[in-house]
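Residue-level structural notes
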2 protein chains.
Amino acid sequence: MIIISADGHAGADLLDYRPYLESRYHDEFDDWAKTFVNPFQDLAAPEAERNWNSARRQRELEQDGIVAEVLFPNTVPPFFPSGSLTAPHPGPQEYERRWAGIKAHNRWLADFCAEAEGRRAGVAQILLNDVDDAVEEIKRTARAGLKGGILVPGVAPGAPVPPLHDPRYEPIWRTCAELGVPVNHHGGTGAPGLEPNPVALAVFIVEVSWYAHRALWHLILGGVFERHPDLRFVLTEQGSDWIPGVLKTLDYYFSRFTSGDATAEAKFGGMAAGALTMKPSEYFARNCYVGATFMKPSEIPLRYDIGVDRLMWGSDFPHDEGTFPYSREALRRTFHDIPAAERARIVAGTAAEVYGFDLTALESYGVGPAEAELTVPLTALPEGATSPVFNPETIIRAW
Amino acid sequence: MIIISADGHAGADLLDYRPYLESRYHDEFDDWAKTFVNPFQDLAAPEAERNWNSARRQRELEQDGIVAEVLFPNTVPPFFPSGSLTAPHPGPQEYERRWAGIKAHNRWLADFCAEAEGRRAGVAQILLNDVDDAVEEIKRTARAGLKGGILVPGVAPGAPVPPLHDPRYEPIWRTCAELGVPVNHHGGTGAPGLEPNPVALAVFIVEVSWYAHRALWHLILGGVFERHPDLRFVLTEQGSDWIPGVLKTLDYYFSRFTSGDATAEAKFGGMAAGALTMKPSEYFARNCYVGATFMKPSEIPLRYDIGVDRLMWGSDFPHDEGTFPYSREALRRTFHDIPAAERARIVAGTAAEVYGFDLTALESYGVGPAEAELTVPLTALPEGATSPVFNPETIIRAW
């Protein structure tokens, strides 16, 4: 079996970004790095090198049955206070040097992907502060061979950049559509900042997925998929169980918007819906994908409502909540009793299509479990496994 | 049948607030009112007097079969840029005079309720900028006989006041619990500001309910119902179909928080959940109610999952989306085939309990349809009816 992880995380150790940073920022970087304290304990641990040690990463992934992966960010790029995935958008005074930091990561990532040619699809980062800058970097990273496309940062309410439905982002969508660059949006992003107290953290955990999901209806209602029928949009690591309910909800509002009745809902919504020729669920079925990461058994019965061809499994390596080193067990637990063709699509076929992996070439590495292994039900959970896929809960979440 | 509307809206015409405003603000009010342009067309229409013309209001409600109602705000109080229900929290420099405006409304409302003694439960408004001020006003309005309790404004992400789970609001919850004052939260509130373009409006319509629902888990996770087992909290005009899915989602996260495993979710969430002795759904069943307003037939099958004793019907008079003048038809459409005791609870019994209406006294007015009338299925929708209760859609929304 070919197993592609549609959700991996990688990045350089802080000082290793220096050679990738434009030299005019080196002095400033040296000063900044001297006093910077990394807020992530796991990036100080010996295992942190999984983010940047190419050989170790490849060895561990292969042991885990994974032949190729899509690479989202994880570490702290130059001049960021924290991980760039969840860091809020910089204000104008911080933009310039953060943008330099982001580009350093993208250059590092291109080299890191080249170390395992054809097996790593790196996702380039952009910022939304300056659309021209973003478009230029999208073109550059596409030329540089980053097959993962771009990561569109989440925009929290009150952020210093407009929401994702704003028309000023159109050049970004147009460029991605023209170049065939996938647009990714990752869980954990788009949520407002929080105070570090236990209740605020618990509320954050409950709400954070919803804030990431917003990108879906912002792009649909903003007409992005109407204007760009070929654009591919991926919602990664934010579950898949919410999709059927949310699509029904969006279709409901769309039907209200197009009802032509005299209510304010129909009046105001109708002006936006007038630019759309399909229902929200139809745009989803055509343009959208779910990087469903560590899929749980409870998500399997929903696969026809989501679309079997929309789902991509991922291991979330090297995160604690990821399936490593029990990815084989995770795959057995979730996929043991579904038709072989569906399993192959979810664990590899769709990711190959979206991110341009060559399945024939990947097969030649001889990595991955035998198909028969994955049809054996998992009878005992692996000791010490921390991924939610091994939780007993089977709840379908509302978002 | 006694029919109580748990969701009505009322307020004074702008200049009629003047006598209720502390006299030291009169000059400032006169200057402000001279240039103020009311943004609501419906408040300039002849029908706007339904908000403040006591005799007309009572006559129309009685024709519609409604004997009593709970009164939320609708009009613009002194110094507000727009309706106080959805107006964002004032910054510190605007607080003083807006607070004077809110108190003027509360004094007007007490008089308006006294004009139909026992048949109007007015909901007092507060602001969250100054907790001491709010507590004082809660005590004053309770003494003044406003049986509707208080309206807690929604707090949007990025608002100039802390989120509703913040411990600094504890004196508000404690005061309401001690005095038996119901705490209401109304749909349409708690959403971030929006730019006035069609897509932003459509996105707002899709998202606005979720922002209002946040109060539910903010208060649960903030331990408000743990500390105040008798506090009554009402979520009004934000649907009811989302409740079962959201309670399952909250219970799911609670089970993750209390799992004791090594994930970040369990670690951070566990600190908040450690202060709770029940599951979120159990607090809901004990402390929370749904002012479900114009309930649709599609919400009826969910009533046992929500709790029949948690639901309160409302007409949303005098809004366009309300059921007037077809409340009888709306009631027939939704409730014709449910057991009589359940119907009586949803259309009157629970509202009487929560807001202190005297059902025996209300019966003496002889207002309301015969029970037999409401058991006749509605075969044709009334011409020109604008309430969503008459829409054909039967979708259960995710939020």
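Structure report, in brief. This one's a predicted model, so the numbers in the text were calculated from it and none came from an experiment.

**Some details on the overall build of chain A**
Along the backbone of chain A there are 15 helices and 8 strands. Here the C-alpha atoms of chain A give a radius of gyration of 21 Å, agreeing with the 21 Å that 2.2 N^0.38 yields for 399 residues. If you line up chain A on its principal axes, its C-alpha atoms span 65 × 55 × 45 Å. Evaluated residue by residue, chain A yields a buried proportion of 53% over its 399 residues. Contacts spanning at least 24 positions in sequence make up 78% of the contacts within chain A whose residues lie at least 6 apart.

**Thoughts on the pairing of strand β5 (residues 183-186) of chain A**
All names here are of chain A. The two faces of β5 match: Val183 and His185 on one face and Asn184 and His186 on the other face are all buried. At this point the chain moves from strand β4 (residues 149-151), through helix α5 (residues 170-179), to the parallel β5, and the crossover so formed is right-handed. Pairing analysis gives 4 bridges linking β5 to strand β6 (residues 233-236), with the strands arranged parallel. In the sheet register, His186 faces β6, and the bridge partner there is Thr236.

**Some words on the nonpolar core**
Core analysis: the biggest nonpolar cluster contains 230 residues, and Ile4, Ile150 and Ala202 of chain A together with Ile4, Ile150 and Ala202 of chain B have the highest contact counts within it. If near-sequence neighbours (up to four positions away) are discounted, Ile150 of chain A is found in contact with Val123, Ala124, Ile126, Ile138, Cys176, Val181, Val183 and Asn184 of chain A.

**Regarding the relation of the copies chain A and chain B**
The pair of chain copies shares a relation made of a rotation about an axis and a shift along it. Aligned on chain B, chain A shows an RMSD of 0.0 Å; the corresponding rotation is 180° and the shift along the axis is 0.0 Å. The relationship between the two copies is best expressed as a two-fold rotation axis. The fraction of interface residues of chain A whose copies in chain B are also interface residues reaches 98%, indicating that both copies meet through the same surface.

**So, helix α12 (residues 327-335) of chain A**
Of all 9 residues in α12 of chain A, 7 are buried, a share of seventy percent or more. Those residues of α12 of chain A not exposed but buried are Ser327, Arg328, Ala330, Leu331, Arg333, Thr334 and Phe335 of chain A.

**Describing the interface of chain A and chain B**
Contacts between the two partners involve 45 residues from chain A, matched on the other side by 45 residues from chain B. When contributions to the side of chain A that touches chain B are tallied by element, the ones reaching two or more residues are α6 (198-221), α8 (243-257) and α9 (264-273) of chain A. In terms of residue class, the side of chain A that touches chain B is built from 28 nonpolar, 10 polar and 7 charged.

**Details of the pairing of strand β2 (residues 68-72) of chain A**
Residues and elements named next belong to chain A. With 5 of 5 residues buried, β2 is to be regarded as a mostly interior element. Of the two faces of β2, the one carrying Ala68, Val70 and Phe72 and the one carrying Glu69 and Leu71 are both buried. Bridge analysis of β2 against strand β3 (residues 120-125) gives 3 bridges, and the strand direction is parallel. Within the sheet, the bridge partner assigned to Leu71 lies in β3 and is Gly122.

**Brief notes about the packing of α9 of chain A against helix α6 (residues 198-221) of chain B**
α6 of chain B packs onto α9 of chain A with a crossing angle of 125° between their chain directions and a minimal axis gap of 7 Å. In terms of orientation, α9 of chain A lies oblique with respect to α6 of chain B. Considering the relative orientation of α9 of chain A and α6 of chain B, their crossing is left-handed. Across the interface between the two elements, Glu265, Phe268, Gly269, Met271, Ala272 and Ala273 of chain A from α9 of chain A touch Pro198, Val199, Leu201, Ala202 and Ile205 of chain B from α6 of chain B.

**Some thoughts on the sheet that holds β4 of chain A**
All names here are of chain A. An order of β1-β2-β3-β4-β5-β6-β7-β8 is seen for the 8 strands of this open sheet, with the pairing classed as parallel. A single partner strand is all that each edge strand has here, and the edge strands are β1 (4-9) and β8 (311-313). Averaged over all pairs of adjacent strands, the angle between strand axes in this sheet comes to 25°, irrespective of strand direction. Together, β5, β6 and β7 (288-293) form the strand contacts of α6, whose direction differs from that of β6 by roughly 160°.

**A look at the environment of Ala212 of chain A**
All names here are of chain A. For Ala212, the position within the fold is in helix α6. Looking at Ala212, the number of C-beta atoms within 10 Å reads 23, which means it is buried. It is 32 Å that separates the C-alpha atoms of Ala212 and Glu383, two residues lying 171 residues apart in sequence. Not counting chain neighbours up to four residues away, the residues in contact with Ala212 comprise Gly154, His185, Gly187, Gly188, Thr189, Gly190 and Gln238.

**Topic: the sheet that holds strand β3 (residues 120-122) of chain B**
Residue and element names in this part refer to chain B. Strands sit in the order β1-β2-β3 across an open sheet of 3 strands; the sheet is parallel. If you trace the sheet from one side to the other, it starts and ends with β1 (4-9) and β3, each paired once. Geometrically, the sheet is characterised by an average inter-axis angle of 25° between neighbouring strands, direction not taken into account. Sheet strands touched by helix α3 (residues 92-114): β2 (68-72) and β3. Its angle to β3, the strand with the most contacts, is close to 170°. Lying over the sheet, helix α13 (residues 340-355) contacts β1, β2 and β3, oriented at roughly 65° with respect to β1.

**Notes on unusual backbone geometry**
Residue and element names in this part refer to chain A. A cis amide bond links Phe324 with the next residue in sequence, Pro325, at an omega value of -5°. Tracing the backbone through its elements, the reader meets Pro325 in the loop between β8 and α12. One non-glycine residue, Phe79, adopts positive backbone phi at about 75°. Of note, Phe79 is situated in the loop between β2 and α3 (92-114). Of note, Glu237 is a non-glycine position whose phi angle comes to about 50°, a positive value. When you line up the elements, Glu237 lands in the loop between β6 and α8. Residue Glu237 is classed as buried on the basis of its C-beta count, with 27 C-beta atoms lying within 10 Å.

Definitions and cut-offs
- Residues numbered from 1 in each chain as written.
- Chains lettered and ligands numbered in written order.
- Predicted model: local features only at pLDDT ≥ 70, side-chain atom pairs only at ≥ 80, totals over all residues.
- Helix = DSSP H or I, 4+ residues; strand = E, 2+ residues; numbered from the N terminus.
- Rg over C-alpha atoms; globule rule 2.2 N^0.38 Å.
- Buried ≥ 20, exposed ≤ 12 C-beta atoms within 10 Å, placed from the backbone.
- Contact = placed C-beta atoms within 7 Å.
- Right-handed = clockwise from strand over helix to strand, strands pointing away.
- Pairing = 2+ DSSP bridges.
- Core = buried A, V, L, I, M, F, W, Y, C linked by C-beta atoms within 7 Å.
- Least-squares fit on C-alpha atoms with pLDDT ≥ 70 in both.
- Nonpolar A, V, L, I, M, F, W, Y, C, P; charged D, E, K, R; others polar.
- Axes fitted to C-alpha atoms, helices over the stretch in contact; angles between N-to-C directions.
- Parallel < 35°, antiparallel > 145°, perpendicular 65-115°, else oblique.
- Left-handed = near helix turned anticlockwise from the far one by under 90°.

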